[in-house]
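Coordinate inspection notes
So the chains spell out like this:
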Amino acid sequence: MNYRELGRTGRRVSTVSFGAWAIGGTWGSVDDRESLAALHRAVDLGVNFFDTADVYGDGRSECLLAQLKRERREEIIIATKAGRRLDPHTIAGYTIQNLTGFIERSLKNLEVDALDLLQLHCPPTEVYYRPELFAGLDDLVRQGKIRHYGVSVERVEQALKAIEYPGVETVQIVFNIFRQRPADLFFSEARKRQVGILARLPLSSGMLAGKLTLQSEFGSDDHRAFNRRGEAFDRGETFSGVDYETGLQAVEELRALVPAGMTMAQFALRWILMFEAVTCAIPGAKRPGQVEDNVGAADLPALNEVTMQAVDRIYQERIRPLVHHYW
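Residues numbered from 1 in each chain as written. Predicted model: local features only at pLDDT ≥ 70, side-chain atom pairs only at ≥ 80, totals over all residues. Heavy atoms only, no water.

Along the backbone of the protein there are eleven helices and ten strands. Counting only residues that meet the buried cut, the protein has 58% of its 327 residues in that class. Counting only contacts in the protein whose residues sit at least 6 apart along the sequence, the fraction spanning at least 24 positions is 77%. Put simply, the protein shows about 13,500 Å² of open surface, and 47% of that area lies on carbon and sulfur atoms. Each charge sign in the protein was given a centre, from 40 positive and 44 negative side chains, and these centres are 1 Å apart. (Helix = DSSP H or I, 4+ residues; strand = E, 2+ residues; numbered from the N terminus. Buried < 20%, exposed > 50% of the residue type's maximum accessible area, 1.4 Å probe, protein only. Contact = heavy atoms within 4.5 Å. Areas by Shrake-Rupley, 256 points an atom, 1.4 Å probe, with all protein chains shown as cover. Lys, Arg positive; Asp, Glu negative; His and termini not counted. Charge placed at Lys NZ, Arg CZ, Asp CG, Glu CD.)

Taken N-terminus to C-terminus, the directions of helix α2 (residues 60-71) and helix α3 (residues 96-110) make an angle of 40 degrees; their axes are 7 Å apart at the nearest point. Classified by the angle between their axes, α2 and α3 sit oblique to one another. Residues E62, C63, L65 and A66 of α2 form the contact with α3, whose participating residues are S106, N109 and L110. Here the contact of α2 with α3 is built from residues that sort into four nonpolar, two polar and one charged. (Axes fitted to C-alpha atoms, helices over the stretch in contact; angles between N-to-C directions. Parallel < 35°, antiparallel > 145°, perpendicular 65-115°, else oblique. Nonpolar A, V, L, I, M, F, W, Y, C, P; charged D, E, K, R; others polar.)

Tracing the sequence through the fold places G230 in the loop between α7 (223-226) and α8 (244-255). With eleven residues separating them in the primary sequence, G230 and G241 have C-alpha atoms 8.7 Å apart.

The next point concerns the pairing of strand β6 (residues 117-121). In terms of residue burial, β6 counts as a mostly covered element, since five of its five residues are buried. In terms of strand pairing, strand β5 (residues 77-82) meets β6 through four bridges, oriented parallel. Paired with A82 across the two strands is L120, which belongs to β6. Note on the crossover from β5 through α3 to β6: the handedness is right-handed. Note: β6 against strand β7 (residues 149-152), four bridges, orientation parallel. Note on β7: the bridge partner recorded for Q119 is G150. Crossover handedness for the path β6 to helix α4 (residues 131-143) to β7: right-handed. (Pairing = 2+ DSSP bridges. Right-handed = clockwise from strand over helix to strand, strands pointing away.)

Compared with the 16 Å implied by 1.5 Å per residue over twelve residues, the 17 Å span of α2 between its first and last C-alpha is a close match. When we look at burial in α2, the residues that qualify are S61, E62, L64, L65, A66 and L68. Among the structural elements, α1 (32-44), β4 (49-51), β5 and α3 are those in contact with the buried residues of α2. (Expected span 1.5 Å × (residues − 1).)

A few words on the side chain of Q266. Inspection of the secondary structure assignment puts Q266 in helix α9 (residues 264-273). Residue class for Q266 comes out buried when judged on its relative accessible area of 10%. Aside from chain neighbours lying at most four places away, what touches Q266 is G261, D293, G296, A297 and L300.

The next thing to look at is the packing of aromatic side chains. Going through the model one piece at a time under the given rule, you end up with 16 aromatic pairs. Members of the aromatic cluster, each reached through a chain of ring pairs, are F175, F186, F187, W271 and F275. In this structure, R228 packs its charged tip against the face of Y244, placed 4.3 Å from the ring centre. We note R235 situated over the ring of Y326; from NZ or CZ to the ring centre the distance is 5.2 Å. (Phe/Tyr/Trp six-rings, centres within 6.5 Å; stacked < 30°, edge-to-face > 60°. Lys NZ or Arg CZ within 6 Å of the ring centre and 35° of its normal.)

What follows is the structure, encoded as structure tokens:
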């Protein structure tokens, strides 16, 4: 495993970390025993950073991570998120009073006195124009409820606005072979400010793992079945906003570029790590075997320039018109 600095936090985190959305639910059936086995395998392989949220399984994901911490002695850094418990999810709900309530619940779920990293969970754009809210987050740091804070965003413009606040130390954003716009401007601006970048949906909801087909079926509780057009939340969170058939076609073209001895998922993750501004990728996993495949990407050699150019060509021709200016 390799490690990179997490912005200005003073923490070094595994370049391939663990996204804990899937073990909470909304990705089909999940078994807590298997999820814990996956979490333990991640720690065995050097993963020290886990990303969750209070709404993943209504706290189920956070509670599993608390159990992991009880059972291991290694350093485990947990980032959680708050805001999506609001109903309706509007700017009016983004008050320090509400966020403090969400934080208190996460502290209980995670069995800790202070959150390692709190992230606003894809709030409405207007939130980023409320400096009093970010001042309130600074107060929560001083009170010791949170050690660091950042944001999880849907759009590049939100990320650029967020890092204007000096207290924002990390940004979580969708970045993968199918969603490349963050690299155009945001990465360079984030590096200037020493902001950590967490690459969300690195495998594009499993599409870039290369195992899905036209015949693949998804359960009714799996967002890959019920959110393809944004019925439940932003459509960019499901297959990166790329329609299913186009995604499959692009994956077949990408498959021809994968070097011998590397899986499709590892190739997609190694591509992300070619960008030095990225702190870590946070692929999800529900089983130990998935963890092993994901983590294997951390130690693979760099992709060559010919390969990077070929990936760019596929993106420009097949994917860019569908996504680039939407997020």
